[in-house]
Amino acid sequence: MSTKPLRLLVLICSTRPGALGPVIGQWLIDAITPRAAELGVELVPVALADLELPFLDEEEHPSSGIYRQEHTRRWSSIVDTADGFIVVTPEYNYGMPATLKNALDYLGREWAWKPIGFVSYGNTSAGTRSVQHAKQIVTTLRLVPLGATVAIRLGDAVNDGRLRPDAARDAAGLGLLDELVRLSHALRPMRERAGAGTVAGPVPGSYARRLTPDDAPEVTVLQRCCWVEEAVVNDTLAIPALHESLEQVREWLADQHTTGVWLDGRLLGMVRTRRAGTDWHVGRLAVVPDLRGHGLGRWLLRTAEAAADPGIRRIILFTGSNSQRNINLYQSEGYELVPSTSTDGTALLTKDASADRFDAATMRAAH
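**Q** Give me the lowdown on the overall build of the protein, citing residues and values where you can.
**A** The number of helices and strands found in the protein is 13 helices and 15 strands. Scaling as 2.2 N^0.38, a compact globule of 367 residues should have a C-alpha radius of gyration of about 21 Å, whereas the protein reaches 26 Å, well beyond that. Here the C-alpha coordinates of the protein stretch approximately 85 × 45 × 30 Å along the principal axes. Looking at the protein as a whole, 49% of its 367 residues qualify as buried. Element-wise, carbon and sulfur atoms account for 52% of the exposed surface of the protein, whose accessible area totals about 17,800 Å². Averaging the locations of the 39 positively and 43 negatively charged side chains of the protein gives two centres separated by 2 Å.

**Q** How would you explain unusual backbone geometry if you had to name every residue and give the values?
**A** Non-glycine residue R142 carries a positive phi angle of around 65°. Take R142: it is sitting in the loop between α5 (128-140) and β5 (144-153).

**Q** So what's going on with helix α11 (residues 296-306)? Which residues, and what values?
**A** Of all 11 residues in α11, nine are buried; the element is thus mostly enclosed. Buried within α11 are the following residues: L296, G297, W299, L300, L301, T303, A304, E305 and A306.

**Q** Describe the sheet that holds strand β4 (residues 115-122), and please don't skip the residues or the numbers.
**A** As summarised here, the arrangement of the five strands in space is β2-β1-β3-β4-β5, forming an open sheet in which the pairing is parallel. In the strand order of this sheet, the two ends are held by β2 (41-47) and β5, each with one partner. Neighbour to neighbour, the strand axes of the sheet diverge by 20° on average, direction disregarded. As paired elements, strand β1 (residues 6-12) and strand β3 (residues 84-90) share five bridges and run parallel to each other.

**Q** Could you give an account of the sheet that holds strand β10 (residues 257-263), naming the residues involved and the relevant values?
**A** In spatial order, the strands read β8-β9-β10-β11-β12-β13-β15-β14; together these eight strands make up an open sheet with mixed pairing. Each edge of the open sheet carries a strand with a single partner, namely β8 (199-200) and β14 (336-338). Here seven bridges tie strand β11 (residues 266-276) to strand β12 (residues 279-287), and the two strands are oriented antiparallel to one another. Bridged to R274 within β12 is H281. α11 contacts β8, β9 (207-210), β10, β11, β12, β13 (314-320) and β15 (346-352) of the sheet and is inclined by roughly 155° relative to β12.

**Q** Give a description of the environment of S14 that names residues and reports values.
**A** Checked against the element boundaries, S14 lands in the loop between β1 and α1 (21-38). Residues S14 and Y92, 78 residues apart in the sequence, show an inter-C-alpha distance of 9.9 Å. Once residues within four sequence positions are removed from consideration, S14 is found in contact with A19, P90, Y92 and Y121. Looking at S14, its side chain comes within polar contact range of the main-chain nitrogen of R16, at 3.4 Å. Within the structure, the side chain of S14 is placed 3.0 Å from the side chain of Y92, a separation counted as a polar contact.

**Q** Please provide a residue-by-residue account of the state of the cysteines, values included.
**A** For the coordinates displayed, the defined rule picks out zero disulfides. No disulfide involves C225; its nearest neighbouring cysteine sulfur is the one of C226, lying 3.9 Å away. According to the relative accessible area criterion, C225 is partly exposed, its value standing at 35%.

**Q** Explain the confidence of the model for the protein residue by residue, including any values.
**A** Of all residues in the protein, 95% have pLDDT values of 70 or greater, and the mean over the chain is 91. Across residues 359-367, where pLDDT falls below 50, the model places nine contacts with residues more than four positions away in sequence or in other chains.

**Q** Tell me what's going on with the pattern of salt bridges, and back it up with residues and numbers.
**A** The tally for this structure, following the rule as stated, stands at 22 salt bridges. Here E244 makes a salt bridge to R284, at a shortest N to O gap of 3.0 Å. Of this pair, E244 sits in the loop between α9 (240-243) and α10 (246-255) while R284 sits in strand β12, and the two are 40 residues apart along the sequence. Look at E244 and you get buried, because its relative accessible area is 11%. Each of R35, E38 and D178 takes part in salt bridges that share partners, so that together they form one network.

**Q** Describe the side chain of Q223, listing the residues and the values that go with them.
**A** Tracing the chain through its elements places Q223 in helix α8 (residues 216-234). Of the residues examined, Q223 reaches a relative accessible area of 0% and is grouped as buried. A distance of 3.2 Å separates polar atoms of two side chains, one belonging to Q223 and the other to E244. Residues in contact with Q223, not counting those within four places in the same chain, are A241, L242, E244, V249, W252, M270 and R284.

**Q** I'd like a description of the packing of aromatic side chains, backed by residues and values.
**A** Under the definition given, this model contains three aromatic pairs. For the ring pair W75 and W111, a centre distance of 5.9 Å and an interplane angle of 70° mean the geometry is edge-to-face. Here W111 lies in the loop between α4 (98-105) and β4 and W75 lies in helix α3 (residues 70-80), a separation of 36 residues in the sequence. Like W75, the residue W111 is buried in the burial classification. Site record: aromatic cluster; members linked through ring pairs are W75, F85 and W111. Against the face of Y94 rests R129, its NZ or CZ located 3.6 Å from the ring centre. Over the ring of W27 we find R169; its NZ or CZ atom is 5.1 Å from the centre of that ring.

Cut-offs used in this document
- Residues numbered from 1 in each chain as written.
- Predicted model: local features only at pLDDT ≥ 70, side-chain atom pairs only at ≥ 80, totals over all residues.
- Heavy atoms only, no water.
- Helix = DSSP H or I, 4+ residues; strand = E, 2+ residues; numbered from the N terminus.
- Rg over C-alpha atoms; globule rule 2.2 N^0.38 Å.
- Buried < 20%, exposed > 50% of the residue type's maximum accessible area, 1.4 Å probe, protein only.
- Areas by Shrake-Rupley, 256 points an atom, 1.4 Å probe, with all protein chains shown as cover.
- Lys, Arg positive; Asp, Glu negative; His and termini not counted.
- Charge placed at Lys NZ, Arg CZ, Asp CG, Glu CD.
- Pairing = 2+ DSSP bridges.
- Axes fitted to C-alpha atoms, helices over the stretch in contact; angles between N-to-C directions.
- Contact = heavy atoms within 4.5 Å.
- Polar contact = N/O pair within 3.5 Å; in protein donor to acceptor, adjacent residues only side chain to side chain.
- Disulfide = S-S within 2.5 Å.
- pLDDT = per-residue confidence, 0-100.
- Salt bridge = Lys/Arg side-chain N within 4 Å of Asp/Glu carboxyl O.
- Phe/Tyr/Trp six-rings, centres within 6.5 Å; stacked < 30°, edge-to-face > 60°.
- Lys NZ or Arg CZ within 6 Å of the ring centre and 35° of its normal.

The following block contains the structure:
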């Protein structure tokens with residue numbers, strides 16, 4: 001399971017004056033907030049009434065992602081940053097409110113591969129027919145509805161406009177949150193692969209994206225498993241990657257551009273780059289041991305080279321002086337070993353990044 005924090009929206013759907021939606025939404029938030037804090041979840045209440053979305057007024061189809069209206073762009077931003085949803089909805093005439101249907105119809109990709117749970121309320125059916133109606137819609141948008149639900153029969157639960165205390169209802173709310181969190185973590189690879197800023201990776205089904213400080217736990221594990229071999233081959237434990245704390249990894253992930261390749265939630269490899277004058281430094285090139293020899297390291301190296309800023313004249317990287325496998329890879333990619341009198345056990349390799357050697361063909365090969 002990913003260790004990244006989750007952002008869950010609690011959508012209050014009724015816009016009718018005097019409706020019970022805000023009361024029920026507040027009960028839910030109060031009931032599940034302590035568990036959410038334990039799980040590292042941010043709960044964000046959103047009332048559809050506050051969004052003031054008119055009936056769908058965009059010219060382009062939502063799947064295009066072209067939004068001309070400011071209210072659409074604002075709604076898109078709110079949904080896009082969420083990892084899952086809890087919908088608090090009444091039942092109107094055997095169905096969900098038009099406000100919920102309208103809010104769903106406004107967007108496309110922002111909904112994809114996110115779990116959605118329901119807290120319904122009503123009289124005869126406790127709002128369950130509204131939920132069944134909504135499930136037909138949300139699955140078309142590639143939202144994933146939960147099995148767990150909370151259904152509140154108003155005649156039994158409400159007194160003078162307030163919800164009566166109910167331990168069983170509180171427990172149902174916690175069960176819904178727990179299932180939503182588990183499913184949200186499980187679906188994260190699907191969301192990331194479909195998200196902006198990702199490209200297809202070299203391993204079938206994999207994708208690459210820039211790593212962020214939130215990826216520090218996975219990066220730390222990758223470093224430990226990759227640089228132990230370096231330590232053995234070079235007979236030294238003086239390798240920073242083996243000793244960095246989680247906070248130190250977070251710090252350099254924030255400062256340096258690092259590309260990671262993922263498959264089904266697993267970090268397969270990474271490489272980081274930075275500019276120093278007219279030099280382009282490539283470092284922390286790592287591939288999980290079971291996938292070495294399959295071209296992933298070469299792909300990462302070429303991707304790092306292709307990202308070089310304009311004006312770069314030389315690409316620089318270091319490895320252990322006894323890491324012959326690494327040296328062979330770099331030399332096969334045009335790097336030259338620089339004679340050194342260094343006593344720290346490292347080898348320096350450089351590559352000319354001038355136009356005649358580091359040209360567009362190399363950049364295309366990286367992708």
